[in-house]
Amino acid sequence: MSTSKRIKDFCFVTLRVWKYKILSDCKQVKGNPKCYHPLLKKGKGKISFGSNVQIGVIASPNYYSHYSYVEARMESSEIIIGNNVAINNGFSAVAFSKITIGNGVLIGFNCSIMDNDGHNLNPNERNSTTIIAADVLLEENVFISDNVTILKGVTIGKNSVIGNGSIVVQSIPENVIAAGIPAKVIKSLL
């Protein structure tokens, strides 16, 4: 590697990864993902990473400009990321309850997982602190394409694929391809 490449990597990647590590305030983190992209870990809950978890992809959009965000908001909140998981740039996961990402899952760039509505949907209670959450589960070997949003209460069955730009609002069975807004099964993989 040339000296100029090493200097660029240090200034534009390594320093940013360190910065977000320092800014992270989640005290209950287990595991150590390989970060090619900055990762901010927030919240009062638990975040755990299995072995061989990769955050960020060098040859992909948003590599130099974005960061990934993982938040286990409440003390009882939990985010579990299994073994051999690869997560592209610009990922976010916010758990009030529990988000589980199984072994061998691939997640494209600019994807978001939320196990809650963020705010109460009732207009009269919009600013209340009562948030409705429901666990999210991505089973083994799921492939989430780019720009996908996965919302509360969803389970995506093992080996399934979610197409680009989809919004997943209901559970998807295993061994299928689903896509659209809202995501619907469009093809079986078997």
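The rules behind each value
- Residues numbered from 1 in each chain as written.
- Predicted model: local features only at pLDDT ≥ 70, side-chain atom pairs only at ≥ 80, totals over all residues.
- Heavy atoms only, no water.
- Helix = DSSP H or I, 4+ residues; strand = E, 2+ residues; numbered from the N terminus.
- Buried < 20%, exposed > 50% of the residue type's maximum accessible area, 1.4 Å probe, protein only.
- Core = buried A, V, L, I, M, F, W, Y, C linked by side-chain atoms within 4.5 Å.
- Contact = heavy atoms within 4.5 Å.
- Expected span 1.5 Å × (residues − 1).
- Bend = angle between axes of the 7 residues up to and from the residue.
- Pairing = 2+ DSSP bridges.
- Patch = residues over 30% accessible without salt bridge, like charges linked within 9 Å, V, L, I, M, F, W, Y side chains within 5 Å.
- Areas by Shrake-Rupley, 256 points an atom, 1.4 Å probe, with all protein chains shown as cover.
- Salt bridge = Lys/Arg side-chain N within 4 Å of Asp/Glu carboxyl O.

J.: So what's going on with the environment of lysine 19? Residues and values would help.
T.: When you line up the elements, lysine 19 lands in helix α1 (residues 3-23). The class for lysine 19 is partly exposed, based on a relative accessible area of 42%. Taking the C-alpha atoms as reference, lysine 19 lies 37 Å from glutamate 125; in sequence the two are 106 residues apart.

J.: Describe the nonpolar core, listing the residues and the values that go with them.
T.: Side chains of a nonpolar character, in soluble globular proteins, are inclined to be buried together. Judged by nonpolar contacts, the single largest core of 35 residues is most densely connected at Ile101, Leu138, Ile144, Ile150 and Ile156. Put simply, the parts of the chain that give this core at least two residues each are β4 (46-49), β6 (68-72), β7 (78-81), β9 (92-95), β10 (98-101), β13 (136-138) and β19 (176-179). Isoleucine 156 has contacts with Leu137, Leu138, Glu139, Val142, Ile144, Ile150, Ile162, Val168 and Ile172, leaving out every residue within four places of it along the chain.

J.: Describe in detail α1, supporting the description with residues and values.
T.: Between its first and last C-alpha, α1 extends 29 Å over 21 residues, near the 30 Å set by a 1.5 Å rise per residue. At phenylalanine 10, α1 shows its largest kink, close to 40 degrees. All of the buried residues in α1 are Asp9, Val13, Arg16, Val17 and Tyr20.

J.: How would you sum up the sheet that holds strand β11 (residues 106-107)? Please name residues and give values.
T.: Overall, mixed pairing links the eight strands, which are arranged β2-β5-β8-β11-β14-β17-β19-β20 in an open sheet. The outermost strands of the open sheet, each flanked by one partner alone, are β2 (34-35) and β20 (184-188). Pairing between strand β8 (residues 86-87) and β11: two bridges, direction parallel. Residue isoleucine 87 lies in a different strand from β11, and its bridge partner there is isoleucine 107.

J.: Outline a nonpolar patch on the surface, listing residues and values.
T.: Together, Phe10, Leu15, Trp18 and Ile22 make up a nonpolar patch on the protein surface, roughly 430 Å² of accessible area in all. Mapped onto the secondary structure, phenylalanine 10 falls in helix α1.

J.: Which residues make up the sheet that holds β9, and what values go with them?
T.: The parallel open sheet is built from six strands, whose spatial order is β3-β6-β9-β12-β15-β18. The sheet is open, and its two borders are formed by β3 (39-43) and β18 (167-168), each paired with just one other strand. Pairing geometry for β3 and β6, over five bridges, is parallel. Looking across to β6, one finds that leucine 39 is bridged to serine 68.

J.: So what's going on with the pairing of β19? Which residues, and what values?
T.: The two faces of β19 differ: Val176 and Ala178 on one face are buried, but Ile177 and Ala179 on the other face are not. Here strand β17 (residues 161-162) runs beside β19; their pairing, made up of two bridges, is parallel. Paired with isoleucine 162 across the two strands is alanine 178, which belongs to β19. With four bridges joining them, β19 and β20 adopt antiparallel strand pairing. Bridging from a neighbouring strand, alanine 179 pairs with lysine 184 of β20. Following β19, the chain reverses through four residues before pairing antiparallel with β20; glycine 180 in that reversal takes a positive phi of roughly 115 degrees.

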